[in-house]
Amino acid sequence: MKRLNYFLFIISSLFIMSCNMDVDSLSAGSTSSSSSSSSSSSTSTTTTVNTTNASSTTASGATSLTSEVKAYNVSLSGTNSTNGLPSFIYNWSNSYSPNTATRPLITEKSPSDLTFANTLYLNLSDLTVSSDGSDYSEITSDGTVTGNITTSISETGLITLTDSSSTGNDLKVILSGSASGKSLFISANKNNSVAIYLNSVSLTSGSYPCIQMDKKNPVYLVAEGSNTFTDGRSYGTDYSSTSSKKGTIYTKGGLIMSGSGSITLNEGYKHGFFSNDYIQVNSGTYTVNSTGRNAFQAANAFVMNDGTITISGTGTHTNNQSRGIIVEGWDYDTDDEEANEHLGEGYIVINGGTITSTTVSKGISAKWDIDDDAVTSDTSDDPYPFVLVTGGKISITTTGTPQNESSSYYTFTDADGDTVSEKTKLSPEGIEGKQALFITGGIVELTTTDDCLNVSRDTSGYKGKIEIYGGNIFAYSSGNDAIDSNGTLTLAGGIIVALTSTTPECAFDCDSNTFAITGGLLVGIGTNNYSAPTSSACSQSTIVLSGNYFGSGNTTFALEDSSGNAVFAYTIPSVFGTSTSSNYIMILSSPEIQTGTSYKAVSGVSASGGTTFHNLYVELPEVSSGSTSVSGISTSSSSYVYTKSSSSNNGAMEGPHPNRGF
């Protein structure tokens with residue numbers, strides 16, 4: 001049995017999949033040991049991803065991957081000396097030149113780096129405070145003084161903590177106990193850091209956020225034990241007389257999250273964790289249950305180095321459907337009426353940890369759009385809205401029905417209870433970087449109703465790009481493209497399975513821009529409205545076949561050499577039907593496919609052994625039987641792309657998403 005030369009570094013027993021992708025379900029890289037002839041019916045609704053047939057598995061004796069295979073990852077070196085970001089993200093071949101961020105936000109920060117001049121213990125159960133954790137005083141409406149800290153409580157349940165310390169004196173707050181109808185408001189010198197240690201806290205707010213900062217202090221939120229915060233505010237209500245701040249936990253400065261414990265946050269107003277600057281997650285377990293807007297929202301950046309995040313976003317409010325992790329990006333701070341001092345930010349970086357997200361709208365988005373969001377005409381203060389994934393495990397599901405912008409205006413009530421008139425639209429994409437999206441490692445699994453991976457900047461001269469250098473990536477869209485770049489697309493490494501069965505969508509969509517395949521192990525199936533690989537830009541053998549050559553759902557396809565050994569094998573998901581169709585297109589590539597060597601395409605093979613990632617054999621099986629559909633498949637160093645199709649390529653195009661008809 002032949003094995004892939006590069007299958008040497010499989011890491012065992014890590015990143016066990018959280019969403020089952022066994023036979024005929026969307027789960028993480030599993031296979032079954034049944035024969036290659038099983039099938040099941042497909043079911044879907046207008047608001048739920050079709051999760052029944054995106055991956056059927058049929059290989060006898062195959063083993064499923066439970067960890068990232070790094071053998072296909074491309075090693076990239078070099079970092080920017082100012083911000084610590086990889087140098088390659090600043091390499092652009094067109095006239096776009098992103099601003100360079102000046103802060104090293106990806107560098108892990110820790111409360112152990114702080115020097116605390118003041119410590120306050122606050123017990124919510126009996127509303128008392130202490131400076132040493134033993135001698136407590138009751139909080140009064142007139143204010144209780146503990147060292148430099150004054151704590152008071154209002155009739156509306158707002159607990160105000162005021163630190164009068166001068167610059168350079170960091171504040172430590174140790175919060176414990178439980179309360180309902182209460183909120184914590186902290187005011188400290190903006191140049192001081194504030195560390196809030198949560199010790200098994202349960203807090204339900206009234207008409208305020210659960211925790212709110214009034215200045216741009218860096219805030220360290222440290223979870224110890226099990227903590228729960230519930231926002232008492234409701235969507236569609238005017239809280240201007242109390243606090244309409246956007247987050248259940250709201251900071252104006254950076255929010256750095258860590259700890260050995262957990263935080264469960266329940267909100268139905270606007271956002272869960274909110275920072276008017278950046279969010280950095282370094283450890284801890286965080287669960288957000290939202291019927292409001294965004295689980296995590298930051299103005300300038302979101303960085304995750306480790307930890308576990310679980311998001312359930314079920315809100316369906318018009319134009320405010322629930323989303324997962326959002327970075328706005330600013331060229332002008334409309335809250336403080338000042339120009340953005342953090343040019344070149346507006347990005348999302350995932351270096352590690354685990355994210356599991358199910359939302360109605362977008363899963364992860366660096367959303368700043370120069371056409372829609374720019375406040376000034378000066379580009380020297382613009383953000384750089386990109387997403388970079390270097391490691392960790394990301395599992396995203398979106399459930400909303402994609403809607404193009406409506407032709408006219410629709411009147412509805414917004415989060416603050418105001419009646420507004422807007423055009424409506426919904427784009428439930430998996431991971432979106434408006435300008436760019438880079439993946440160099442990790443496990444990324446996306447099951448979406450809109451594009452799984454998306455870059456939307458298509459302005460001439462400033463077109464965006466998607467570049468994949470590593471990682472294990474599964475992308476299945478039930479209603480749009482699997483991977484969609486409105487600029488260029490480069491597949492240089494990693495293991496990629498990209499699927500869509502919806503006409504006129506495709507597995508890889510970059511319009512008529514450059515589509516380069518230079519490395520990695522990949523397969524994509526979509527309709528015959530597709531972006532063809534750019535032969536002059538490819539440097540790894542790539543095969544393009546129509547469905548009548550690769551076979552039907554629940555069968556295994558192989559590319560075999562003259563000795564009958566498989567150099568590529570993939571089990572076709574049952575979502576693609578029980579009969580072959582030339583309207584489907586498969587694009588495949590592997591370093592095992594050598595130039596100058598003749599291969600044959602064989603459909604319906606029997607496969608034994610091997611290891612798969614979402615039906616794609618990473619360790620090749622022994623194959624037998626089957627029907628040869630194409631012989632003499634060959635590539636060369638001057639022509640790396642071989643195409644055999646019975647249908648015309650109609651070119652990538654946008655699908656007819658329904659609008660609301662207004």
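Residues numbered from 1 in each chain as written. Predicted model: local features only at pLDDT ≥ 70, side-chain atom pairs only at ≥ 80, totals over all residues. Heavy atoms only, no water.

**What to know about the pairing of strand S29 (residues 386–389)**
Phase 1: Side chains Phe386 and Leu388 of S29 all project onto a buried face; the interleaved residues Val387 and Val389 project onto the opposite face, where all are buried too.
Phase 2: As paired strands, strand S26 (residues 347–350) and S29 are joined by three bridges and run parallel to one another. Paired with valine 349 across the strands is leucine 388, a residue of S29.
Phase 3: In the sheet, S29 pairs with strand S34 (residues 436–448) via four bridges, with the strands oriented parallel. Paired with leucine 388 across the two strands is phenylalanine 438, which belongs to S34. (Buried < 20%, exposed > 50% of the residue type's maximum accessible area, 1.4 Å probe, protein only. Helix = DSSP H or I, 4+ residues; strand = E, 2+ residues; numbered from the N terminus. Pairing = 2+ DSSP bridges.)

**With respect to the pairing of strand S19 (residues 285–290)**
Phase 1: The side-chain alternation of S19 yields one buried face, formed by Tyr286, Val288 and Ser290, and one unburied face, formed by Thr285, Thr287 and Asn289.
Phase 2: The pairing of strand S16 (residues 262–267) with S19 spans six bridges and is classified as parallel. Along S19, the bridge assignment pairs asparagine 266 with asparagine 289.

**Quick word on the confidence of the model for the chain**
Phase 1: Confidence in the prediction for the chain averages 88 pLDDT; 87% of positions are at 70 or higher.
Phase 2: Across residues 1–53, confidence stays below pLDDT 50; counting only partners more than four residues off in sequence or on other chains, it has 176 contacts.
Phase 3: A low-confidence stretch, residues 658–662 (pLDDT under 50), is modelled with 17 contacts involving residues beyond four sequence positions or located in other chains. (pLDDT = per-residue confidence, 0-100. Contact = heavy atoms within 4.5 Å.)

**Topic: the pattern of salt bridges**
Phase 1: By the definition in use, this model includes 10 salt bridges.
Phase 2: Between aspartate 416 and lysine 270 there is a salt bridge whose closest N-O contact spans 3.0 Å. Here lysine 270 lies in the loop between S16 and strand S17 (271–275) and aspartate 416 lies in the loop between strand S31 (410–413) and strand S32 (419–422), a separation of 146 residues in the sequence.
Phase 3: The residue glutamate 432 makes a salt bridge to lysine 434 at a minimum N-O spacing of 3.3 Å.
Phase 4: Using a relative accessible area of 1% as the deciding quantity, one classes glutamate 432 as buried. (Salt bridge = Lys/Arg side-chain N within 4 Å of Asp/Glu carboxyl O.)

**Considering the packing of aromatic side chains**
When we look at a pair of aromatic rings, we describe it by the centre distance and by the angle of the planes.
Phase 1: Scanning all chains against the criterion turns up 19 aromatic pairs.
Phase 2: Judged by centre distance (6.1 Å) and plane angle (55°), the ring pair of tyrosine 96 and tyrosine 384 falls under tilted. Taken as a pair, tyrosine 96 in the loop between strand S1 (63–64) and strand S2 (116–123) and tyrosine 384 in the loop between helix H1 (370–373) and S29 lie far apart in primary sequence, 288 residues in all.
Phase 3: One aromatic cluster is present, built from ring pairs that chain together Phe88, Tyr90, Trp92, Tyr96, Tyr347, Tyr384, Phe386, Phe438, Tyr462 and Tyr469.
Phase 4: One cation-aromatic arrangement involves lysine 172 over tyrosine 197; the distance from NZ or CZ to the ring centre is 4.6 Å. (Phe/Tyr/Trp six-rings, centres within 6.5 Å; stacked < 30°, edge-to-face > 60°. Lys NZ or Arg CZ within 6 Å of the ring centre and 35° of its normal.)

**Observations concerning a negative patch on the surface**
Phase 1: Negative charge collects at one region of the surface, where Asp371, Asp372, Glu405, Asp458 and Asp511 lie side by side.
Phase 2: Given the relative accessible area of 33%, aspartate 511 is considered partly exposed. (Patch = residues over 30% accessible without salt bridge, like charges linked within 9 Å, V, L, I, M, F, W, Y side chains within 5 Å. Areas by Shrake-Rupley, 256 points an atom, 1.4 Å probe, with all protein chains shown as cover. Lys, Arg positive; Asp, Glu negative; His and termini not counted. Charge placed at Lys NZ, Arg CZ, Asp CG, Glu CD.)

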